[in-house]
Each structure stands twice: as structure tokens, then as C-alpha cells.
Amino acid sequence: MQTALHSSSSSSGNINDTAMDQNSSSNKEGNKPAAEIPRYLNEGLFAVSKPLDWTSQDVVGFLRKMLERDAKERGCIDARTKKRNPWLKVGHGGTLDPLATGVLVVGVGKGTKQLQQYLTGSKGYRAGVELGFQTTTLDMDPTGHVVEEKPYDHVTMEAIEKVVPQFTGKIQQIPPVFSALKRNGKKLYELGRSGQTAEDVQIEPREVQVYRLDLLPTNDDGKGLPPCFGLDVECGGGTYIRSLVRDIGISLDTVATMTSLDRTKQGVFLPEHCLHQEDWTPENIYNSIEKCKSLLDELDDASLKTGPVNRD
């Protein structure tokens, strides 16, 4: 999936500052003057497990509002002169589609400027695949519809094992028409929604890097052949797993659609570093930022000892 940096820029709403005068000496942080109460209790990067059906910006907006409420409850004054600017800076370092789950790295405060520095490495994904049909979106997005069906009874696990090596290394890939890439100033998914296909738009192939591609006997629902299987992928930025699934289907003389996608790696961040939705609290977020600083310090130490780390 294409990596893109995003920061939440919506207003935090009308914060009621009247309950606490800026010169008051009584508040929830040990009677500090309100002007000295920090907006953030920690700044940096941490990772969450993105829930199904949430956009990446949904996650950012939710976490930002949570941290803003926490700052307000601690007595911090919202001193913005332009309320349309975010009070607290929160951003993510790589879009996941709503139907995808898994590792989403989030930056808080100064961490929003660190996202690109630490997230230029490879990404890992686990995808579910179903043979026999292809949709306009190349996945199970409800806005899409089936555009082609073909028999798949001839496909065996051995046949898939033979074609998989063709899709490792540096390969040429045509991105999906339902993507955020732009053509003549318009996002491709806008053209897709108008009924145009990848052939109509004439999307040019791009070189992408697939470091590892392992075949799994079942998809995420435990269904195997026929017609399902799974893929475990490690790839570079700009790789579309939906397109990879499409192309594997074509190589098998059938068609295929991606039925699920879970990101298992983003830079140095793995699932074990992620906060799950039920654990999203200000305290857990700030603690997670502190833990992740140790992870990033180790990466920096390795870079100093061995030279610049190749994060591609």
C-alpha cells in the first residue's frame, strides 16, 4: 500500500476555558500555573492496531480528541488564536484502507515530524485471496462490484507455488484505479467511481520491490483451495497488495480478489508494539510512546555502529 504522511488538521471544537483562568494557581497538576501545564505528557511515535472499517484519519481524529480532553482535564489552556488549527498535533505515517487492519504508526507532538524518518523501511502484510472473480476495487469494498468471473478448478497449490517467485524482487505493477494516486489533478478513485477502468485511465506500470512472498494454505477465515489461499508479503513503499493478488490470478489463468488485508510490519513496528482499541487511553498512549523511544534508540544505535541503516 502506498505510504503517505497525514496529520489531523480539523478543529478540536470549542474548548471551554472559562472554568480556569490562565493565572489561576489551582488545577489538577499540583497547583501549577495553568500556563505551565504541558499540552502533551510525552511526544513521539507509537503504534496502534487499526480496527476494521476505520479510516486511518478516523483513528487520528479519535486519538487527538482523546488527548485534547485529557489536556483540558489537567487544566491546560487552549491558547490558540486560530481555532481552525489543531490544538494537539497527531498524525499517522501510512494510510491503511478502511477494510484493512493492523499496524498503524501514530505521531504525537514532535513525533509527527519523525514519521518519515523512521517509516521508510519495508512493510509486511498478510492477505486473503479468493479465486474465480474480480471486482472493480480489487477487494471486497462494498462500493465495488464484480466485473469478471472465470473458472478456477484447475488451480492447485503446486501451480500457485510455481508462479509466486515471478512476483518477488523488482517487478512492474499497475496500481488499482481505486487508489489515491492522481491523474491530471484528479484522484484515481474519483475516476473509478465515475465508471472508468484502469484501461480507460491508462495507468502506467510502476516498479515496486517485493522482498518476500510466502504462500499460505488458507485465508484469514481458515478457508483453503478451492478457491481460497493466503499470502504473507514483505515489500517496499508504493506496492499495492490488491494489484499483486490481481496479477497472480492472471498468471494462474483465472481472476482473483483480495478478501482481507492485515499490516504486520511498518518500519521497525510490529504487532506486539501496537495498542489495541480497548487500550486506547491517554495514560497508555503516553506510556507506549516512552516504550517506543527505546525501540527507536536501538535503531539509531545500530546506525551509529554500522553506518546508515538501509530502511528500504
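Residues numbered from 1 in each chain as written. Predicted model: local features only at pLDDT ≥ 70, side-chain atom pairs only at ≥ 80, totals over all residues. Heavy atoms only, no water.

S.K.: Teacher, can you tell me more about the overall build of the chain here?
M.R.: Across its full length, the chain holds seven helices and 14 strands. By sequence separation, contacts in the chain at least 24 residues apart represent 73% of the contacts at least 6 residues apart. Accessible surface, the chain as shown: approximately 15700 Å² in total, 48% of it carbon and sulfur. (Helix = DSSP H or I, 4+ residues; strand = E, 2+ residues; numbered from the N terminus. Contact = heavy atoms within 4.5 Å. Areas by Shrake-Rupley, 256 points an atom, 1.4 Å probe, with all protein chains shown as cover.)

S.K.: In this structure, what is going on with the side chain of Lys265? I would like to understand it.
M.R.: For Lys265, the position within the fold is in strand E13 (residues 256–266). At 2.8 Å, the side chain of Lys265 forms a polar contact with the side chain of Ser122. Side-chain polar atoms of Lys265 contact the backbone oxygen of Gly267, separated by 3.0 Å. If sequence neighbours within four positions are ignored, Lys265 has contacts with Val103, Ser122, Lys123, Gly124, Glu234 and Leu270. (Polar contact = N/O pair within 3.5 Å; in protein donor to acceptor, adjacent residues only side chain to side chain.)

S.K.: I keep staring at the environment of Gly75 and nothing clicks. Help me out?
M.R.: By secondary structure assignment, the location of Gly75 is in the loop between helix H1 (56–73) and strand E3 (90–92). Gly75 sits in the buried class, given a relative accessible area of 4%. A sequence separation of 39 residues divides Gly75 from Glu36, and the C-alpha atoms of the two residues are 9.7 Å apart. (Buried < 20%, exposed > 50% of the residue type's maximum accessible area, 1.4 Å probe, protein only.)

S.K.: Help me understand the pairing of strand E5 (residues 123–131), please; the structure alone is not making it clear to me.
M.R.: The two faces of the sheet receive side chains in turn, since in a regular strand these alternate between them. Across the nine residues of E5, seven count as buried, placing the element largely inside the fold. As defined by bridge partners, E5 adjoins strand E12 (residues 228–235) across eight bridges and the pair is classed as antiparallel. The residue bridging Arg126 from the neighbouring strand is Asp232, located in E12. Relative to E13, E5 is paired through nine bridges, and the arrangement is antiparallel. Bridge pairing in E13 places Arg126 opposite Asp262. (Pairing = 2+ DSSP bridges.)

S.K.: Explain the nonpolar core here, please?
M.R.: Core analysis: the largest hydrophobic core is formed by 36 residues, its most contacted members being Phe46, Val48, Leu63, Val105, Phe269, Trp280 and Ile285. Listed by contribution, the elements that provide at least two residues to this core are strand E2 (44–50), H1, strand E4 (100–108), helix H2 (115–118), strand E14 (274–275) and helix H7 (282–306). Considering every element that reaches this core, the biggest residue donor is H7, with seven residues. When near neighbours in sequence (up to four residues on either side) are disregarded, Leu63 contacts Phe46, Val48, Val106, Trp280 and Ile285. Ranked by size, the runner-up nonpolar core spans 27 residues in total, among them Tyr125, Phe167, Ala256 and Met258. (Core = buried A, V, L, I, M, F, W, Y, C linked by side-chain atoms within 4.5 Å.)

S.K.: So what exactly am I meant to see when it comes to a positive patch on the surface here?
M.R.: On the surface, a cluster of positive charge is contributed by Arg39, Lys89, Lys110 and Lys113. Looking at where Lys110 falls in the secondary structure, it is placed in the loop between E4 and H2. (Patch = residues over 30% accessible without salt bridge, like charges linked within 9 Å, V, L, I, M, F, W, Y side chains within 5 Å. Salt bridge = Lys/Arg side-chain N within 4 Å of Asp/Glu carboxyl O. Lys, Arg positive; Asp, Glu negative; His and termini not counted. Charge placed at Lys NZ, Arg CZ, Asp CG, Glu CD.)

S.K.: Would you mind going over the packing of aromatic side chains with me for this structure?
M.R.: To describe a pair of aromatic rings, you give the distance between the ring centres and the angle between the ring planes. The full count for this structure, using the stated rule, is three aromatic pairs. Relative to Phe62, the ring of Trp54 has its centre 5.6 Å away and its plane inclined at 75 degrees; by these criteria the two rings are edge-to-face. By relative accessible area, Trp54 is classed as buried at 19%. Judged by relative accessible area, Phe62 falls into the partly exposed class, the value being 35%. With a centroid separation of 5.6 Å and 85 degrees between ring planes, the pair formed by Trp54 and Trp280 is classed as edge-to-face. Taken as a pair, Trp54 in the loop between E2 and H1 and Trp280 in the loop between E14 and H7 lie far apart in primary sequence, 226 residues in all. (Phe/Tyr/Trp six-rings, centres within 6.5 Å; stacked < 30°, edge-to-face > 60°.)

S.K.: Help me out: how do you make sense of the pairing of E12 in this one?
M.R.: Counting buried positions over the eight residues of E12 gives eight, a clear majority of the element. Neither face of E12 is left uncovered, since the one carrying Cys228, Gly230, Asp232 and Glu234 and the one carrying Phe229, Leu231, Val233 and Cys235 both have all their residues buried. Bridge count for strand E11 (residues 206–216) against E12 is six bridges, and the pairing is antiparallel. The residue of E12 that forms the bridge with Leu213 is Val233.

S.K.: Looking at this model, I keep getting lost on the confidence of the model for the chain. Mind explaining?
M.R.: Caution applies to low-pLDDT regions: their predicted coordinates should not be interpreted in detail. Looking at the chain as a whole, its pLDDT mean stands at 84, while 77% of the residues score no less than 70. Below a pLDDT of 50 lies the segment residues 1–26, which in the model reaches 75 contacts outside its immediate sequence neighbourhood of four places, other chains included. Note that residues 303–312 has pLDDT below 50 and, in this model, 15 contacts with residues that lie over four places away or in other chains. (pLDDT = per-residue confidence, 0-100.)

S.K.: Quick question: what am I supposed to make of the environment of Thr137 here?
M.R.: Looking at where Thr137 falls in the secondary structure, it is placed in the loop between strand E6 (133–135) and strand E7 (146–149). Overall, the relative accessible area of 2% leaves Thr137 in the buried class. Taking C-alpha positions, Thr137 is 9.4 Å from Met258, a pair spaced 121 residues apart along the chain. One polar contact links Thr137 to Asp139, side chain to side chain, over a distance of 2.6 Å.

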